[in-house]
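Residues per chain, in single letters:
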Amino acid sequence: MQIRDPYKGYFFVLPALILLITILGFPALAAILQSFNLMWVSKPAFTLSSYLRLWKDAEFLASLRNTVIFVSTTVTFHLLLGLSVALLLNLEIKRRHLFRVLAILPWTMPDVIGGLIWKFIFDTLPGFVNGVLIRGGLRVEPIDFLGIPSLAFSSLIFAEIWRGYPFVMLILLAGLQAIPRHQYEAGAIDGASSIQSFLYITLPNLKYMVIIAVILDTIWECRLFGMVYSMTGGGPGYASQVLSLLTYKHYFQFFNTSYAASIAVVLAVVMLFVSIPYLRITMRREI
Amino acid sequence: MSRRPTFWISIYLALGVMGIFNLLPFYWMLSSSFKTEAEVASYPATLFPKLFTVGAYTKIWFQEKFVYYFLNSLIVSMSTAAFSSLVGAFAAYGFSRFRFRGKTPLMTLFLASQMIPGVLLVGPYFKMLSLAGLYNTLLGLILSQITITLPFSIWMLKGYVDTVPVEIDQAAMVDGASRTRTFLLVVLPGILPGLVATIIFAFLLSWGDLLWALCLISAKSKQTLTLGITQLVGEFRTEWSTIMAATVIATMIPAVLYLALQNFLIKGFTEAATKG
């Protein structure tokens, strides 16, 4: 039951609303205006030049492609690993508490810090992977993981797969635990095999959780910044460059504010588009 | 269900593999941080420290401004968490208990604002803070961090307020308490576990931030831990033991918080993420 008392409602919501407008709404609007060269310039004049320049900029196109590859690969692996581990943890295992702690651990690490550690792990000389390869006699020469373009990008993806999958796992585990037990019991009575009960009971029940996990994870991966910055810095060249880091570079290193804003707007539009189903599902449950 | 022993063996095997995979970077970070400078630079790498030393820790801790980094991170994260949870709790109560014009669009707006990438906001934010004289201040950084944590806090807290029966509010108000008093003295204590989870979650988001600190702070004495450490990498280059000691310090607080409060957090977080 809710109270129809508009003024009190506004009273409680107002501080948050003011903050939302000043520290979120205004900068977002300013960025859009900047991208059209309409704000904080000596002679504001509407122009699409920043956007037109995007499609001729090899680094932007490479970053766009990298971002798509990065996000789709990490999210796919997060879902596969997250679902597998969630299924394992949902069993009647001993020491479940311990395993759950282990399962969450990577996600507790700030992404910047994770990036630094993986950078060291993949380091050419004193790094862990090369240490294992050489001591194990698998390689004579060390591999320059972060110096070779394709390997650098794959290493970055690998590191983020490691760090991000517990997030998806947590959401799916919550989903698994919400599936009513009697559905499995009914399935067992009807003689369903484990695979059948997985396909016809677990998966359909988990559908919404999977959608939500995938969308939220996609959003997180789209805006991932710290790990890319600390692990590869987008390099070598722009082999592992992504849109969030490229925006930062144009804003704060090259001071191309209008151009940087246009890259950020492209990223934001893509992200909002991706999040529409999530917004719908959540709001529908709310009303 | 009864299963064969081979089934359970493979399950524990899989869990073991998962554990090793998850722990490996932690192991590498910890073991490297206890190595000597000479050993950590040796090639090929040693997989266990030959000689344990805490030299890297004392070195990093007494490094010029490291203690500042640590304290700044604590100040910024705690202020962000406290402020966004307080404002968020008010809004959550408003959204949970009242019907008013524009409520649904407003809630959608708060939800959608979580999807705005930081890099879109950080440029204009830099300009705004410069104009307001807040560039390179912790206050400016705290304000910016709230943009990340506030929308999340509102939605997470609303889920908790919804679980408190309206009858409790009504009983308090019949006893003569005002709305605000009811909220502060009856509803807030009632959602204490959820409130704690929200505060900690905001703290962790803020603690892990790099982007905002990188763009809005220039003075060394005002840098946060994540920012300070990325800058140290430039200085120390191959002195990985020192860098790893710094990362251990930066990872310790979130890891301890998660582990100590995990049941709390997982419940609160998954409910917020999934129920909305």
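### What about the overall build of chain B?
Reasoning step 1: Each helix and strand in chain B was counted, giving 14 helices and one strand.
Reasoning step 2: Once the C-alpha set of chain B is aligned to its principal axes, its extents read approximately 75 × 70 × 35 Å.
Reasoning step 3: Here chain B holds 276 residues, and 50% of them are scored as buried.
Reasoning step 4: Once local pairs closer than 6 in sequence are excluded, the contacts in chain B between residues at least 24 apart make up 76%.

### Side note on the overall build of chain A
Reasoning step 1: Within chain A, the secondary structure is distributed over 12 helices and one strand.
Reasoning step 2: N-terminal to C-terminal, the α/β element order of chain A is β-α-α-α-α-α-α-α-α-α-α-α-α.
Reasoning step 3: Considering only C-alpha atoms, chain A reaches an extent of 75 × 75 × 30 Å along its principal axes.
Reasoning step 4: When burial is assessed residue by residue, chain A has 45% of its 287 residues classed as buried.
Reasoning step 5: A separation threshold of at least 6 residues defines the contact pool for chain A, and within that pool the share at least 24 residues apart is 70%.

### With respect to the environment of B:Phe26
Residues and elements named next belong to chain B.
Reasoning step 1: Tracing the sequence through the fold places Phe26 in helix H1 (residues 5-33).
Reasoning step 2: On the basis of neighbour counts, which here come to 17 C-beta atoms within 10 Å, the residue Phe26 falls in the partly exposed class.
Reasoning step 3: Taking the C-alpha atoms as reference points, Phe26 and Thr251, 225 residues apart in sequence, are found 9.4 Å from one another.

### With respect to the interface of chain B and chain A
Reasoning step 1: Contacts between the two partners involve 85 residues from chain B and, on the opposite side, 88 residues from chain A.
Reasoning step 2: Broken down by element, the residue count for the side of chain B that touches chain A peaks at 12 residues, all from H1(B).
Reasoning step 3: Grouping the amino acids of the side of chain B that touches chain A by side-chain chemistry returns 58 nonpolar, 21 polar and six charged.

### Let's talk about helix H5 (residues 111-121) of chain A
Reasoning step 1: Most of H5(A) is tucked away: 11 of the 11 residues are buried.
Reasoning step 2: Residues of H5(A) that are buried sit in contact with helix H6 (128-135), helix H7 (149-177) and helix H10 (226-231) of chain A together with H1, helix H12 (225-236) and helix H13 (240-260) of chain B.

### Quick word on the nonpolar core
Reasoning step 1: Formed by 160 residues in total, the largest nonpolar core has its most connected members in A:Leu172 and A:Ala264.
Reasoning step 2: Ranked by residue count, the leading element in this core is H7(A), at 14 residues.
Reasoning step 3: Shared between two domains, this core holds at least three residues of each, these being domain 1 (1-47) and domain 2 (51-286) of chain A.
Reasoning step 4: With residues up to four places along the chain from it excluded, the contact list for A:Ala264 reads A:Ala31, A:Thr247, B:Pro117, B:Val119 and B:Leu120.

### Considering unusual backbone geometry
Residues and elements named next belong to chain A.
Reasoning step 1: Following Gly235, the chain continues into Pro236 via a peptide bond in cis, with omega recorded as -5°.
Reasoning step 2: Mapped onto the elements, Pro236 comes out in the loop between H10 and helix H11 (243-252).
Reasoning step 3: The residue Asn37 is not glycine, and still its phi comes out positive at about 65°.
Reasoning step 4: Counting through the fold element by element, Asn37 comes out in the loop between helix H1 (6-35) and helix H2 (49-54).
Reasoning step 5: When the 21 C-beta atoms within 10 Å are taken as the criterion, Asn37 is described as buried.
Reasoning step 6: For Phe255, which is not glycine, the phi torsion reads 55° and is therefore positive.
Reasoning step 7: Along the chain, the position of Phe255 falls in the loop between H11 and helix H12 (257-286).

### Observations regarding the domain arrangement of chain A
Residue and element names in this part refer to chain A.
Reasoning step 1: Under the domain assignment used here, chain A contains domain 1 (1-47) and domain 2 (51-286).
Reasoning step 2: Taken together, the contact between domain 1 and domain 2 spans five residues of the former and six residues of the latter.
Reasoning step 3: Within the side of domain 1 that touches domain 2, the residues separate by chemical class into two nonpolar, three polar and no charged.

### So, the packing of H12(A) against helix H5 (residues 103-113) of chain B
Reasoning step 1: For the pair H12(A) and H5(B), interaxial distance at closest approach is 10 Å and the crossing angle is 140°. By the angle class used here, H12(A) and H5(B) are oblique. Here H12(A) runs over H5(B); the crossing is right-handed. Contacts between H12(A) and H5(B) involve A:Leu272, A:Leu279, A:Thr282, A:Met283 and A:Glu286 on the former and, on the latter, B:Met107, B:Thr108, B:Leu111 and B:Ala112.
Reasoning step 2: Classifying every residue of the contact of H12(A) with H5(B) by side-chain character gives six nonpolar, two polar and one charged.

### Examining the environment of B:Thr242
Residue and element names in this part refer to chain B.
Reasoning step 1: One can find Thr242 in helix H13.
Reasoning step 2: C-alpha of Thr242 to C-alpha of Ile60: the two residues are 182 residues apart in sequence and 6.1 Å apart in space.
Reasoning step 3: Setting aside residues up to four positions removed in sequence, Thr242 forms contacts with Ala56, Lys59, Ile60 and Phe236.

### Concerning the packing of helix H9 (residues 194-222) of chain A against H12(A)
All names here are of chain A.
Reasoning step 1: Relative to each other, H9 and H12 sit at 160°, their axes nearing to 10 Å. One way to sum up the angle between H9 and H12 is to call them roughly antiparallel. In terms of crossing hand, the pair formed by H9 and H12 is left-handed. For the pair H9 and H12, contact is made by Tyr208, Ile211, Ile212, Ile215, Leu216, Thr218, Ile219 and Cys222 and by Leu267, Met271, Val274, Ser275, Pro277, Tyr278 and Ile281, respectively.
Reasoning step 2: Its residues assigned to classes, the contact of H9 with H12 shows 13 nonpolar, two polar and no charged.

Rules used throughout
Residues numbered from 1 in each chain as written. Chains lettered and ligands numbered in written order. Predicted model: local features only at pLDDT ≥ 70, side-chain atom pairs only at ≥ 80, totals over all residues. Helix = DSSP H or I, 4+ residues; strand = E, 2+ residues; numbered from the N terminus. Buried ≥ 20, exposed ≤ 12 C-beta atoms within 10 Å, placed from the backbone. Contact = placed C-beta atoms within 7 Å. Nonpolar A, V, L, I, M, F, W, Y, C, P; charged D, E, K, R; others polar. Core = buried A, V, L, I, M, F, W, Y, C linked by C-beta atoms within 7 Å. Domains from an automatic or database assignment. Axes fitted to C-alpha atoms, helices over the stretch in contact; angles between N-to-C directions. Parallel < 35°, antiparallel > 145°, perpendicular 65-115°, else oblique. Left-handed = near helix turned anticlockwise from the far one by under 90°.

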